[in-house]
Amino acid sequence: MQKFSVCMIAKNAEKSIKKSLEALSAFPVELIVVDTGSLDHTKDIARSYTKYVYDFPWCDDFAAAKNFAIEKASGEMVLVLDSDEYIEPMEEAKWQEFLQQVEKNKGKVGRILRKNYFTESGEKRENREWINRVFSKKLFHYEGRIHEQVQEKNGMAYDTYRTSIVISHSGYDLTPEEKKQKAMRNLTLLKKELADLEQADDVVKKEQQPYVLYQIGKSYFLMEDYENACIYFDRGLSFDLNERSEYVLDMVESYGYALINSGQTEMALSFTGIYDAFSYSADFLFLMGLIYMKNGLFSEAVREFENAAAKPEAKMTGINSYLAYYNIGVIYECLGETKEALAAYQKCGDYETAKKRISLLS
């Protein structure tokens, strides 16, 4: 296979980029780093790992910056990473298998598994998602001012495949103030993007509106402005969407949590109307358990938590295991059914919060 390139854009990333580039240095790849205006030591750190460090004048367009980085790659096939993403080690044999897989799928886009780490309610959480990141720069590029997406250059639909690349991501593990700052920056760009799409004559462009509405909702959610988040999620879901699309599922789930967090728990019961469409997802079933629980429908809540626990996979770690059983335990404990509560807590394994409840109830 020809040279394989890893492309990255960065700005004021000195706290994360060294770890990212250090992880990549174990692989025989060409490293391309494009700096979009750092005022710290980001470029100095990058130059210690690669000679291919370039400047790109920031123009409020992430797709433009990433496309610039991609064009600097000397190889056709590229992997695009962010400066707060860290590739996990691979044995040489696995790396060679990956390269062979990429070579066989040049007309498709490869997906990598990203593990997102963050803190919620004082506890460490892990969320997993498959994202499109490996492709031929001859056939594909990025579109979108922010939360840019890989698109086929001729505007055609494309197929994807899962690769063996796994990365860790720390970009969501932020303080409340950092979350607010990031969300405010994103909102400015996203609303510009939405205005452009609403005025576009291109049908393909107009079809991108629900995704941007989803991202606006997510930005408000990050700011804990749940009422505005609900407004944009509702607008996004008003379109005719593919129920199996990952972002659509996440929009549905985020909408549900925004309704709960904004005190609209009774309205959240309307999600029973879309149950059949999304019940394939452990994360959705867990959400339904919470909705029923918040509305005092405890037997229904237990049923949905049990349904979630029966699923083999979940995006959020614990949704289909200890977190589901913990909520079942909480319900039984509130109902005064101590024996059943203990049984549920004991299914939580090493989950410390459940261990504390067991200690108090025993």
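You'll find the structure just up there.
Each value, and the rule that gives it
Residues numbered from 1 in each chain as written. Predicted model: local features only at pLDDT ≥ 70, side-chain atom pairs only at ≥ 80, totals over all residues. Heavy atoms only, no water. Helix = DSSP H or I, 4+ residues; strand = E, 2+ residues; numbered from the N terminus. Rg over C-alpha atoms; globule rule 2.2 N^0.38 Å. Buried < 20%, exposed > 50% of the residue type's maximum accessible area, 1.4 Å probe, protein only. Contact = heavy atoms within 4.5 Å. Areas by Shrake-Rupley, 256 points an atom, 1.4 Å probe, with all protein chains shown as cover. Pairing = 2+ DSSP bridges. Right-handed = clockwise from strand over helix to strand, strands pointing away.

**Topic: the overall build of the protein**
Reasoning step 1: A tally of regular secondary structure across the protein gives 16 helices and 10 strands.
Reasoning step 2: The C-alpha atoms of the protein give 22 Å as radius of gyration, which agrees with the globular expectation for 362 residues (21 Å, within 12%).
Reasoning step 3: Viewed in the frame of its principal axes, the protein has a C-alpha envelope of about 65 × 50 × 40 Å.
Reasoning step 4: The buried share of the protein, reckoned over its 362 residues, is 49%.
Reasoning step 5: The contacts in the protein between residues at least 6 apart in sequence include a share of 64% that link residues at least 24 apart.
Reasoning step 6: A total of about 18,000 Å² of accessible surface is found on the protein, and carbon and sulfur atoms cover 49% of it.

**A closer look at the pairing of strand S1 (residues 5–10)**
Reasoning step 1: Of all the six residues making up S1, six are buried; the element is thus mostly covered by neighbouring parts of the structure.
Reasoning step 2: Of the two faces of S1, both are covered, the one formed by Ser5, Cys7 and Ile9 as well as the one formed by Val6, Met8 and Ala10.
Reasoning step 3: Here S1 runs beside strand S2 (residues 30–35); their pairing, made up of six bridges, is parallel. Of the residues in S2, the one forming a bridge with Val6 is Leu31.
Reasoning step 4: In this fold, S1 hands off to helix H1 (residues 17–24), which returns the chain to S2; that crossover is right-handed.
Reasoning step 5: The pairing of S1 with strand S4 (residues 77–82) spans five bridges and is classified as parallel. Along S4, the bridge assignment pairs Val6 with Leu79.

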